[in-house]
Amino acid sequence: MNCASEGQEQTALFEWAEFNKSTMPGLSLMFHIPNGGKRDKITAVHLKAQGVKSGVPDIFLPVPRFKFHGLFIEMKVGNNKPSYNQSSWINDLKYQGYYVMVCYGWVEAAAVITNYLKGGITA
């Protein structure tokens, strides 16, 4: 049973990305979108005013491949499922031409990223 948190899984993914960026051009452009987590109410109000939006996927790789403008990944662990807001964002981003995946753990996310960057995604 894997007891790692979503944050730990994302950290492991970015460690993997750092190690592999020399063999996968574009990987160094990947970044985390910090719109989740627990915050006090004042901070939450300020972040919302600055454009933070509920449901935006956790990770973005702004590298186009085939018909896709880039890759978004929503990271999950355990039995967690995307929320309503996350599912809405996922559907809207797909409609706009992005490749979007929900990945359970860094190993699955790394496989999706590798497949995407190396041309294994065509539809």
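Refer to the structure above for everything that follows.
Residues numbered from 1 in each chain as written. Predicted model: local features only at pLDDT ≥ 70, side-chain atom pairs only at ≥ 80, totals over all residues. Heavy atoms only, no water.

## Structural notes on the environment of Phe 66
Positionally, Phe 66 belongs in the loop between β2 (59-61) and β3 (71-76). Separated by 52 residues in sequence, Phe 66 and Phe 14 place their C-alpha atoms 24 Å apart. (Helix = DSSP H or I, 4+ residues; strand = E, 2+ residues; numbered from the N terminus.)

## Let's talk about the pattern of salt bridges
For the coordinates displayed, the defined rule picks out 2 salt bridges. Salt-bridge contacts for Lys 21 lead to Glu 18; the nearest nitrogen and oxygen are separated by 2.9 Å. A relative accessible area of 36% places Lys 21 in the partly exposed class. A salt bridge links Glu 74 to Lys 76, with the shortest nitrogen-to-oxygen separation between them at 3.5 Å. We classify Glu 74 as buried; its relative accessible area is 1%. The exposure class assigned to Lys 76 is buried, which follows from its relative accessible area of 7%. (Salt bridge = Lys/Arg side-chain N within 4 Å of Asp/Glu carboxyl O. Buried < 20%, exposed > 50% of the residue type's maximum accessible area, 1.4 Å probe, protein only.)

## A word on the pairing of β3
With respect to burial, β3 is a largely interior element, 6 of its 6 residues being buried. Both faces of β3 are covered, namely the face carrying Leu 71, Ile 73 and Met 75 and the face carrying Phe 72, Glu 74 and Lys 76. The pairing of β3 with strand β4 (residues 99-104) spans 6 bridges and is classified as parallel. Note that in β4 the partner of Phe 72 across the bridge is Val 100. Handedness of the crossover is the feature at issue here: the chain leaves β3, passes through helix α3 (residues 84-95), returns alongside β4, and the resulting connection is right-handed. (Pairing = 2+ DSSP bridges. Right-handed = clockwise from strand over helix to strand, strands pointing away.)

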